[in-house]
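# Coordinate analysis (summary)
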Amino acid sequence: MRGIRAFAASVFAVALALMLCFFVVLPIPPGAARALLPKPGPGERFFQVVAHPDDDLLFMSPDLFGAVVAGRPTVTVYLTAGEGQSGLDDDHDPRAYAQDREAGVREAYAFLAGVRDEWTSSPVDAGGLRLRVDTLAQRPDIHLIFAGLPDGGDPRAEGGRGALGRLWAHTACVSRFTVRGGCLTGGNVLGMLRALYERFQPTVLRTLDPSPPDVGADHVDHVASARFALAAAPPSLEVRSYRGYTISDLPPNLAPPIRALKRQVFQIYRRHDYRAFMGWHYRAWLERMYRCRKPKPTPYNPQP
């Protein structure tokens, strides 16, 4: 009898291990995860402002996933091209790399929406700036907008690194990395965002953390993108802000099936981003999502 019980216990342990492997490792279609994803409220229309292509996938998800899978109108603005040190500490073409990252988020959104990765592109004037809006062909309520400002890690921008932060801090003039034309001020960035809010009429604005507990522990672009987004937002918008790099030391708070889906979506993006090494920090971000307390807009007061 004791041998039978031991055998039964071992069979149960193997079965349990296989079940856990299924939930943690095997791909989970977004539709199958629908019941586990956060539910959007009635009539909500979402607008994300982030610094880099992938910030939304890493720090605003699974909330973002829930809106896309549920079929809600979703617009995401990427303020910088995300080129970083590409072409400086390696031999890659930085503009091609920026385009690769754009392709990565397009494919990730199409996967979440459950449709083909086919997009249409159209020019839009936003506050005097010419922008390209990519629209998912089979889900025309999903739009991605790439503003193309220099990444904060790129010393090639006017004034060197930290271009977006300097635009927020004072009246610096910075040319866009991916678009030819004159240089922009922080006022131009605010005008662009205000025009986009007016055009798309969102009800919910998602931003990164405008005031992290340790500013040096987060990316300067994350903080500046959030402050621009909040300063431009009309009072009617509901704001939800999300912690960035600073979630790394917080406890994992996503259920195993959601972690698996988040990893799967990020792997789709990562096929286009040769610099996204899957180290411990990426693993940490993919196991967590933390909202901030209700943020207060920081006034835009450029210093001469």
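Right, let's walk through the structure included here. Counting restarts for each chain: residues are numbered from 1 in the order of the written sequence. A pLDDT threshold of at least 70 governs which residues receive local features in this predicted model, and a stricter bar of 80 or more applies before side-chain atom pairs are shown or counted, although totals over entire chains, interfaces and linings include all residues. Only heavy atoms go into the side-chain values, all of them from the structure, while hydrogens and water stay out.

Our focus in this paragraph is the overall build of the protein. Under the scheme used here, helices are H or I runs from DSSP no shorter than 4 residues and strands are E runs no shorter than 2 residues, and both carry numbers assigned from the N terminus. When its secondary structure is counted, the protein shows nine helices and seven strands. Here the protein holds 304 residues, and the buried ones make up 51% of them. Throughout, a contact is declared for two residues whenever any of their heavy atoms are within 4.5 Å. By sequence separation, contacts in the protein at least 24 residues apart represent 74% of the contacts at least 6 residues apart. Values of accessible area rely on a 1.4 Å probe in the Shrake-Rupley scheme; residue burial ignores everything except the protein chains shown. By element, 58% of the accessible surface of the protein is carried by carbon and sulfur atoms, the whole surface being about 13,900 Å². Only protein chains enter the calculation, and the probe is 1.4 Å; a residue is then buried if its accessible area is under 20% of its type maximum, exposed if over 50%, and partly exposed in between.

The disulfide definition used here is simple: a pair of cysteine sulfur atoms within 2.5 Å. For the structure on display, the rule yields one disulfide. Two residues, Cys173 and Cys183, share a disulfide whose sulfurs are 1.6 Å apart. Across the S-S bond of Cys173 and Cys183 the torsion is about 95°, and the bridge reads as right-handed. Taken as a pair, Cys173 in the loop between helix H5 (163-169) and helix H6 (186-200) and Cys183 in the loop between H5 and H6 lie far apart in primary sequence, 10 residues in all. Overall, the relative accessible area of 29% leaves Cys173 in the partly exposed class. Overall, the relative accessible area of 36% leaves Cys183 in the partly exposed class.

With mixed pairing, the seven strands of this open sheet are ordered in space as S3-S4-S5-S2-S1-S6-S7. The open sheet has two free edges, formed respectively by strand S3 (119-126) and strand S7 (238-242), since each of these has just one partner strand. Across the sheet, the mean angle separating the axes of adjacent strands is 20° when strand polarity is ignored. One ladder, built from five bridges, connects strand S1 (residues 46-50) with strand S2 (residues 74-80); its direction is parallel. Bridging from a neighbouring strand, Gln48 pairs with Thr76 of S2. Comment: axis = line fitted to C-alpha atoms, over the contacting stretch for helices; angle = value between 0 and 180 degrees taken between N-to-C directions. Contacts from helix H4 (residues 94-113) reach S1, S2, S3, strand S4 (129-136) and strand S5 (139-149), with the element oriented near 160° to S5. The criterion for strand pairing is that DSSP finds at least two bridges linking the strands in question.

At a closest axis distance of 9 Å, the pairing of H6 and helix H7 (residues 220-232) adopts a crossing angle of 60°. Judged by the angle between their axes, H6 and H7 are oblique. Classified by chirality, the crossing of H7 by H6 is right-handed. Two secondary-structure elements touch here, H6 through Gly186, Val189, Leu190, Leu193, Arg194 and Tyr197 and H7 through Phe228, Ala229, Ala231 and Ala232. Residues were grouped as follows: Ala, Val, Leu, Ile, Met, Phe, Trp, Tyr, Cys and Pro as nonpolar; Asp, Glu, Lys and Arg as charged; and all remaining residues, including Gly, as polar. Residues that form the contact of H6 with H7 fall into these classes: eight nonpolar, one polar and one charged. Should an angle fall under 35 degrees it is called roughly parallel, over 145 degrees roughly antiparallel, and 65 to 115 degrees roughly perpendicular, with every other angle called oblique. By definition, any crossing whose near helix is turned counterclockwise from its far helix by less than a right angle is left-handed, and any crossing with a clockwise turn is right-handed.

The residue Arg270 is located in helix H8 (residues 256-270) in this model. Relative accessible area serves as the criterion here: at 28%, Arg270 is assigned to the partly exposed category. Once the C-alpha coordinates of Arg270 and Asp100 are considered, the two residues, 170 residues apart in sequence, prove to be 9.7 Å apart. With sequence-adjacent residues up to four places away left out, Arg270 is seen in contact with Ala276, Phe277 and Met278.

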